[in-house]
Each structure stands twice: as structure tokens, then as C-alpha cells.
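This is what each chain is made of:
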Amino acid sequence: MKNRMKISTLAATALLATTTSVSAGEVEVLHWWTSGGEAASVNYLKDKLSDAGVSWTDFAVAGGGGENAMTVLKSRAISGNPPTAAQIKGPSIQEWGDLGFLADIDGVAQANDWDNLLPSVVSDVMKHNGKYVAAPVNVHRVNWMWSNPEVFRYAGATIPTTWDDFMVQAKKLQSAGFIALAHGGQAWQDATLFEAVVLGVGGADYYNSAFVNPVDLDVLNSDTTVEVFETFGKLRQFVDANSPGRDWNVATSMVIEGKAGMQIMGDWAKGEFKVAGKNVGTDFICTAAPGTSGAHTFNIDSFAFFKQSDAASSEAQNIMAAEILGTDFQTVFNLNKGSIPARLGVSRAEFDSCAHDSMDAFVAASASGSLVPSFAHGMAVSSAVSGAIYDSVTNFFNSDQSAQEGADQLVASVSSAL
Ligand code: BGC
């Protein structure tokens, strides 16, 4: 009965077919949410859909940052067998739309007034040729630093707010026997760390000109980029020898367990602290990555919908899209995921102080021009340009290249990808 009522409410508000059946189709959903916090989040979506009569076939492809998932998605789509929905974000949504793969969910979006529920910085990305083809689940802030306060106390160190001070405090942590910076040597994690340095050293105007479409090569090819690489290169010494290949959530657990002092990572890391039963303030501290307080590097997760040949699957897509924008879903999912709701009008009461900081920074940064899209997480440039950035950044971080060499290589590889 509960299911039937939910279905008919949805049908009234979301232009769904008038069905009272308990089975409203099924969805196969591609995502890369496999860590503890991520799994709790995706399970909630699964449950919500099940309540609405939609069954879920999980298509999880492990690998933080989603590179593996995107490779698998391409081969499925090319062979004519795409999933019902896939975790695709930013400019990639346009790339998939241009190739003609995406289904239009504009009926649900219009019936539920998405244009007024979503900030335009979010809704613009969800549309292809003016029609909604994707539904946003959250807004992650990427420029965060996660610290273990006990480690800092033990080492007599203070949490740094500038990159200069970072070097000083990180040395204190090291001298006291801790790993200063928990890091996983994977290209997307190197790019996430680099992105924080770009924003902290160069500022939002430089970031927007050099790392956001359309990339200004003159700004990229400047002394500021060399300075960025100088700071980034100094971080090599604070990462332990076992970092190559380490998953991001394993790095987070090093901070949780007090083996390492800090991790620079988006707020999906908070989901790991939560799953481990840790509390903000006492067990872990969230602060903006050095030099970036007040700025907000955003990363919006969304599900894009693939064209279907049967009506039942399209209806299941509509139900999924409508559920995703519900206040219930946006609250619980984001409490688990560490992010903040993508839609407006969700109460902030249940969220913690890190989420409140992210919400406040999102609004303030948007007014001051320091709300920037994450290039490390597919929000700012085409997949070709982001691939070029990943390659040169990871190559630099894992070699002894000088700052000038790193900057030159980055400029060369980005210009050849434009
Ligand atoms: C995604 C997050 C995910 C993280 C780690 C990011 O690109 O936006 O949702 O938790 O990668 O896999």
C-alpha cells in the first residue's frame, strides 16, 4: 500500500504513466561508488527506487575519480548496450549528448520545476540543447583538508591555512614520526592535490583563466604556473613511499587511524569518517585546503540517462529522476556522501559544520567570483584536456622534474589537446 501511494504521488507530480503496479520497471545504473561511505549513499538510492517499485541492477566499476567506470561505459555504449543511467558529470554530459546517446527527461524536470529548484550553475550542466538529460544528486566541495587533531597535538603542530605554513607544520608531523600527508599515487588524486595548489597559490582568477574552458594558454604559460609547480613539488617529500596505487579511502583511513596527519581530498572523504563512527571537531577537523578559504571548488555528481527502446525503461528513468530531486533523497544521500544537496530548499538542520561551511562558501564564493569548477573531477574542461592535465601532473609528481619543466610540459600537453 505504501508503495502504491508513493507511486501515485509521483505519477501526479512527475508526468509518469498512470500505473498502480508495484513493479514500475528496472534500472541498470553505472557508478563508481564502492568505498564504505559511497556504498551507504548509493544503497539509499537503491532503497528509494525500490519503494517506488523500480528494481536496481548494480553496475559498479571500482576506481576513485571514475576513470575505469568511464572506460567501461564507452565500450558498453559503443556496442549498443548502454546502461539505463550512468554517473556522468560536467562537460562530459555534453559530449555524450552530442553523440546522440542521451534521453531527454525534460517532462519530469518541467513538471517538477527543476529550473527553479536548481541554481543555474547546476542546471546549466544538466541540460543538452536546452533539455534536461541528467539529474544532479549533490554538490561536493573538493578544496578540503582533513586533519587528525590528536596527531597535531602530539606533534605540537597547528593546522596550516597557507601553503608556506603547510611546509612548516608538515615537517613537525614528520619529525614526530607521522606521515604528514596521506595520499594515494593515482593520477586523479595527484590532480586533486594539484588543483588545491593551483587555487591556493594562483587564486580564483588565475584558476578560471588557465584551467577552465576556454583555457587561456597565455595565462597557463606564465610565471604563476611555475610557482604552482614549485609548491606542488615540495609536497613530494611529505608523502610516504607506499603511496603509489593506493586508493583514496585507504589514504583517508590513515588519517582516521592516526598514522597520518592530513589528507587533501573532496568531501566524499567525510563519508569515510562517518562510516568509521568519527565526529567532526573531536576526531577529525575539516578546513579549506591551504590558501583557499572562502573559495569553493565544486564537483557535482549526476546521473545521465541513456536512450531506451522500451517504454517501461523510460518510465523507470522518469521515476529515478523524480526521486533524485526529492528533499528526502537529497538530505539522506548527502548526509552519507559528505556532500551538500544540489537543489534549493532542503533544510540544513541535520547537516554538520563541514557541510554548513560548504553551503556558506558556495554562496559567498558565487558572489565573490571564487566559485570554481573542479578540473580534477571533470567539471571544467573537455575529457581530452583533463586527460592532458592528469598526464603531465602525475608525471611531474612522480619524477624529479623541476617546476619549470613541469609547467612547460603542462602547457605543451594542454595545447595539443585543445
Ligand atoms: C566523485 C565522487 C566520488 C569520488 C571518489 C569523484 O569524482 O564525484 O562522488 O566519491 O570521485 O571516487
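For the structure itself, consult the block above.
Report on the accompanying structure. (Residues numbered from 1 in each chain as written. Predicted model: local features only at pLDDT ≥ 70, side-chain atom pairs only at ≥ 80, totals over all residues. Heavy atoms only, no water.)

Close contact between helix H2 (residues 36–51) and helix H14 (residues 268–275) brings their axes to 7 Å; oriented N to C, the two are set at 95°. Between H2 and H14, the interaxial angle falls into the category roughly perpendicular. Where H2 approaches H14, its residues Gly 36, Gly 37 and Glu 38 are matched on the opposing element by Gly 271, Glu 272 and Val 275. Residues belonging to the contact of H2 with H14 are distributed by class as follows: one nonpolar, three polar and two charged. (Axes fitted to C-alpha atoms, helices over the stretch in contact; angles between N-to-C directions. Helix = DSSP H or I, 4+ residues; strand = E, 2+ residues; numbered from the N terminus. Parallel < 35°, antiparallel > 145°, perpendicular 65-115°, else oblique. Contact = heavy atoms within 4.5 Å. Nonpolar A, V, L, I, M, F, W, Y, C, P; charged D, E, K, R; others polar.)

Right, let's get into helix H18 (residues 383–397). The end-to-end C-alpha separation of H18 is 21 Å, in line with the 21 Å expected for 15 residues at 1.5 Å each. Of all the positions in H18, only Val 385, Ser 386, Ala 388, Ile 389, Tyr 390, Ser 392, Val 393, Thr 394, Phe 396 and Phe 397 are classed as buried. Packing partners of the buried residues in H18 comprise helix H3 (67–78), helix H10 (187–211), helix H12 (223–234) and helix H19 (403–417). (Expected span 1.5 Å × (residues − 1). Buried < 20%, exposed > 50% of the residue type's maximum accessible area, 1.4 Å probe, protein only.)

Another aspect to go through is the sheet that holds strand S11 (residues 285–288). With mixed pairing, the four strands of this open sheet are ordered in space as S9-S10-S8-S11. If you trace the sheet from one side to the other, it starts and ends with strand S9 (179–181) and S11, each paired once. In this sheet, neighbouring strand axes are inclined to one another by 20° on average, regardless of whether the strands run parallel or antiparallel. Alignment of strand S8 (residues 144–147) against strand S10 (residues 260–264), held across three bridges, turns out to be antiparallel. (Pairing = 2+ DSSP bridges.)

Here we take up empty space enclosed by the protein. In the structure shown here, the tally under the stated rule is one cavity of 30 Å³ or more. Taken as a whole, the largest cavity spans an internal volume of roughly 100 Å³. Looking at the largest cavity, it is lined by 15 residues, and the ones nearest its centre are Trp 32, Glu 38, Gly 65, Trp 268 and His 377. By residue class, the composition of the lining of the largest cavity is five nonpolar, six polar and four charged. (1 Å grid on protein atoms, 1.4 Å probe; cavity = no way out; pocket = protein on both sides within 12 Å on 5 of 7 lines; lining within 4 Å. Points joined across faces, edges and corners; volume = space filled by probe spheres on them.)

Quick look at the packing of aromatic side chains now. A full pass over the atoms with the stated rule returns 27 aromatic pairs. For the ring pair Trp 33 and Phe 303, a centre distance of 5.6 Å and an interplane angle of 85° mean the geometry is edge-to-face. You can see Trp 33 sitting in the loop between strand S1 (26–31) and H2 and its partner Phe 303 sitting in strand S13 (residues 302–305), a full 270 residues away along the chain. Note on Phe 303: relative accessible area 0%, which makes it buried. Arranged with centres 4.3 Å apart and planes meeting at 20°, the rings of Phe 273 and Phe 284 form a pair that is stacked. Taken as a pair, Phe 273 in helix H14 and Phe 284 in the loop between H14 and S11 lie far apart in primary sequence, eleven residues in all. No difference in accessibility class separates Phe 273 from Phe 284, as the two residues are buried. Among the aromatic residues, ring-to-ring pairing joins Phe 194, Tyr 206, Tyr 207, Phe 211, Phe 229, Phe 232, Phe 375, Phe 396 and Phe 397 into one connected group. Its end group placed over the ring of Trp 144, Arg 141 keeps NZ or CZ at 4.6 Å from the ring centre. The ring of Phe 396 has Arg 236 lying over it, and the distance from NZ or CZ to the ring centre is 4.1 Å. (Phe/Tyr/Trp six-rings, centres within 6.5 Å; stacked < 30°, edge-to-face > 60°. Lys NZ or Arg CZ within 6 Å of the ring centre and 35° of its normal.)

Here we take up the state of the cysteines. Enumeration according to the criterion identifies one disulfide in this entry. A sulfur-sulfur separation of 2.2 Å characterises the disulfide bridge that pairs Cys 286 with Cys 354. Here the S-S torsion is close to -105°, and the disulfide linking Cys 286 with Cys 354 is therefore left-handed. Taken as a pair, Cys 286 in strand S11 and Cys 354 in helix H17 (residues 353–368) lie far apart in primary sequence, 68 residues in all. Neither residue differs from the other here; Cys 286 and Cys 354 are each classed as buried. (Disulfide = S-S within 2.5 Å.)

Further remarks concern the packing of H12 against H19. The geometry of H12 relative to H19 is characterised by a closest axis approach of 8 Å and an angle of 120° between their N-to-C directions. Of the possible angle classes, the one that applies to H12 and H19 is oblique. By crossing handedness, the relation of H12 to H19 is classed as right-handed. Contacts from Thr 225, Val 226, Phe 229 and Glu 230 of H12 reach H19 at Ala 403, Gln 404, Gly 406, Ala 407 and Leu 410. Residue classes in the contact of H12 with H19 are distributed as five nonpolar, three polar and one charged. (Left-handed = near helix turned anticlockwise from the far one by under 90°.)

As a further point, take the sheet that holds strand S14 (residues 371–373). Taken in spatial order, the three strands of this open sheet run S7-S12-S14, and their pairing is mixed. The sheet terminates laterally at strand S7 (140–141) and S14, the two strands that pair on one side only. In this sheet, strand S12 (residues 296–299) lies alongside S7 in antiparallel orientation, the contact comprising two bridges. Paired with Arg 141 across the two strands is Phe 298, which belongs to S12. The strands that H17 touches are S7, S12 and S14; relative to S12, the one it contacts most, it runs at about 105°.

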